[in-house]
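Observations on the model geometry
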Amino acid sequence: MAADESTDTPQENTASHDPQRPSKLLEFMSTGWADLPRPQAAEHEAAPLRRERRARLVQQFPGEVIVVPSGGHKVRANDTDFRFRPGSDFSWLVGSQEPDAVLVVDASGAATLFQAPAWTRETPAFFTDRNGEFWVGPRPSLDDVAVELGIATRPLEEIEKLRGSKARVLQGYDAKVAELFETAEDGDKELATWLSEARLLKDDWEVEQLQAAVDATIKGFEDVARELPRAVETSERWAEGVFGLRARVEGNDVGYGSICAAGAHACVLHWTDNDGPVREGELILLDMGVEGHELYTADVTRTLPVSGTWTPRQREVYDLVYRSQEAALAECRPGNAFLAPHNAAMRVLAEGLEALGIVASAEEVLAQDDKRYSRWTIHGVSHMLGLDVHDCAASRNELYRDGTLQVGHVLTVEPGLYFQADDLLVPEDLRGIGIRIEDDVLITEGGHRNLSAALPRDPDGIERWMASLR
Ligand SMILES: [Mn+2]
């Protein structure tokens, strides 16, 4: 970060420590630059897909004004922000990755992207404003954005002209934009639900993006498995850091906070502190996903023996979870209930808990009004996957949780067993063991395609894979 002498420059996007800029300097800075070669804008490969999605949106809400903001920067501390990531619905419809952008579809059905123009060297803002290109690098002009994304563009400030219009607004992303419009809560909610449900079915291009994210994720798992000895020397953070490197190099970032949970931390479903020790002889549960450049994310979990080989008892539990996942995968086909994979996995796990002597009768605990097996399985086996790790979350139950699997759905299959370290109801030698296996599955005409199949998950395959990396 550049730090400068103190100042009283009265400008909006400057900081209290920015220097003064007398007019002589402003004039001087506007001269003496060569014409920069700017890349020729070309239409993005997904622009026609996004145009078609916007057409479906118009069809759904004919004659209405629709407003979908990208969202803006979120403050991390003082004047430092988190890295920007646009909202998923906005991304699905438009594809711009600029903050504070807004898609507006007018009553005639015409779509316009309102976005901050690039501050090039025609105005001193290019070096005085913290969003100018001397501060953040060159950004595409609105004309180039129009070509790339196949949508009309206007400077962001012109959205003011729409103040007071009646509209449906995708809420939760940009309060300043939302308050420009006259909205109704029910109408806004219908818009959010429609977008979520429209995103349930992935097209071929989206599946390609998901496969690319999964492929990068598999490389990240290889990196971590190779570097497990360094994690033993340091902490779970080594695994988090190594995967984060792969995510930033191959994609946009991690799609969610990596869970690198060694030993009993594996029983904490969303363990993201990742500051614990990694010990030989124990297991490490790694739940990690790369988010690709188009913002689609993978969501994969493997549980590995730190030393590279299972103890007999670890293998016994792992094998049970593996068999439950196999049972769940066998139910992944069009027309089956979304919950069919979950129910299949729970049956295998409950029967396994009976075999381990942890429950007296699988049949009894599997009853709808019992479900005591859930003490050790805790979570559902599947969620939709796409631009969001828990994708399409605003969908109605009848199309999601209580719906049926359809060709084009992408979902996770992730059964787990968690024996908390302080659970007096499980044999002592099982306490502190947590195992989850998670794959990303596309529903196809013939059943399903496991997008993460290239990453071994059977117990022997894991040992061979780890040995090959050492
Ligand atoms: Mn998941």
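From a predicted model like this one, the values you see are computed outputs, not experimental measurements.

Criteria and cut-off values
- Residues numbered from 1 in each chain as written.
- Predicted model: local features only at pLDDT ≥ 70, side-chain atom pairs only at ≥ 80, totals over all residues.
- Helix = DSSP H or I, 4+ residues; strand = E, 2+ residues; numbered from the N terminus.
- Contact = placed C-beta atoms within 7 Å.
- Buried ≥ 20, exposed ≤ 12 C-beta atoms within 10 Å, placed from the backbone.
- Pairing = 2+ DSSP bridges.
- Expected span 1.5 Å × (residues − 1).
- Domains from an automatic or database assignment.
- Nonpolar A, V, L, I, M, F, W, Y, C, P; charged D, E, K, R; others polar.
- Axes fitted to C-alpha atoms, helices over the stretch in contact; angles between N-to-C directions.
- Core = buried A, V, L, I, M, F, W, Y, C linked by C-beta atoms within 7 Å.
- Parallel < 35°, antiparallel > 145°, perpendicular 65-115°, else oblique.
- Left-handed = near helix turned anticlockwise from the far one by under 90°.

With that settled, consider the overall build of the chain. For the chain, the count of helices and strands is 16 helices and 17 strands. Considered along the principal axes of its C-alpha atoms, the chain spans approximately 80 × 55 × 35 Å. Intrachain contacts of the chain at a sequence separation of at least 6 include 66% that bridge at least 24 residues.

Attention shifts here to the pairing of strand E13 (residues 410–413). Going residue by residue along E13, you find Val 410 and Thr 412 tucked away on one face and Leu 411 and Val 413 tucked away on the opposite face as well. Relative to strand E16 (residues 439–444), E13 runs antiparallel, the two being bridged by four bridges. In the strand pairing of E16, Val 410 is matched with Leu 442.

This part takes up helix H12 (residues 312–330). Since the α-helix advances by 3.6 residues per turn, residues separated by three or four positions end up pointing in the same direction. For H12, built from 19 residues, the straight-helix expectation of 27 Å at 1.5 Å per residue is met to within 8% by its first-to-last C-alpha distance of 27 Å. Of all the positions in H12, only Gln 314, Val 317, Tyr 318, Leu 320, Val 321, Tyr 322, Ser 324, Gln 325, Ala 327 and Ala 328 are classed as buried.

Turning our eyes to something else, we now look at the domain arrangement of the chain. The domain architecture assigned to the chain consists of domain 1 (41–198) and domain 2 (204–469). On a C-alpha basis, the centroid separation for the pair domain 1 and domain 2 is 35 Å. The interface of domain 1 with domain 2 comprises ten residues on the first partner and eleven residues on the second. For the side of domain 1 that touches domain 2, the element with the highest residue contribution is helix H8 (residues 185–198), accounting for four residues. Within the side of domain 1 that touches domain 2, the residues separate by chemical class into four nonpolar, four polar and two charged.

Turning our attention to the sheet that holds strand E12 (residues 300–305). In space, the three strands of this open sheet follow the order E9-E10-E12, with antiparallel pairing throughout. Taken across any chain shown, the strands that pair with only one partner, and hence form the sheet edges, are strand E9 (259–262) and E12. For this sheet, the mean angle separating the axes of adjacent strands, direction not counted, is 10°. The sheet contact formed by E9 and strand E10 (residues 283–288) spans four bridges and is antiparallel. Residue Cys 260 lies in a different strand from E10, and its bridge partner there is Leu 286.

With that out of the way, let us pick up the sheet that holds E16. Spatial ordering of the open sheet is given by E13-E16-E17, a layout of three strands whose pairing is antiparallel. With one partner strand each, in any of the chains shown, E13 and strand E17 (447–450) form the two edges of the open sheet. Looking at each pair of strands side by side, their axes are set apart by 40° on average, direction ignored. Contacts from H12 reach E13, E16 and E17 within the one sheet, and its direction differs from that of E13 by about 155°.

Of all hydrophobic cores here, the largest spans 108 residues; its most connected members are Val 67, Leu 103, Ile 284, Leu 286, Leu 349, Leu 417 and Ile 435. Here the element with the most residues in this core is helix H9 (residues 204–226); it accounts for eight residues. Each of domain 1 (41–198) and domain 2 (204–469) accounts for three or more of the residues forming this core.

With their axes 7 Å apart at the nearest point, H12 and helix H13 (residues 340–355) run at an angle of 155° to one another. On the basis of their axis angle, the class for H12 and H13 is roughly antiparallel. H13 is crossed by H12, and the crossing has right-handed handedness. Contacts between H12 and H13 involve Leu 320, Arg 323, Ser 324, Gln 325, Ala 327, Ala 328 and Ala 330 from the first element and Pro 341, His 342, Ala 344, Ala 345, Val 348, Leu 349 and Gly 352 from the second. In terms of residue class, the contact of H12 with H13 is made up of nine nonpolar, four polar and one charged.

The phi dihedral of Asp 100 is positive, around 60°, even though this residue is not glycine. Its place among the elements puts Asp 100 in the loop between helix H3 (88–93) and strand E4 (102–105). One non-glycine residue with positive phi stands out, namely Asn 274, at about 50°. With respect to the helices and strands, the residue Asn 274 is situated in the loop between E9 and E10.

Interhelical geometry of H9 versus helix H11 (residues 236–250) gives an angle of 150° and a closest axis separation of 9 Å. In this structure, H9 meets H11 at a crossing whose hand is right-handed. Facing H9, whose interface residues are Ala 216, Lys 219, Gly 220, Asp 223 and Val 224, H11 presents Ala 239, Val 242, Phe 243, Arg 246, Ala 247 and Glu 250. For the contact of H9 with H11, the per-class residue count stands at six nonpolar, one polar and four charged.

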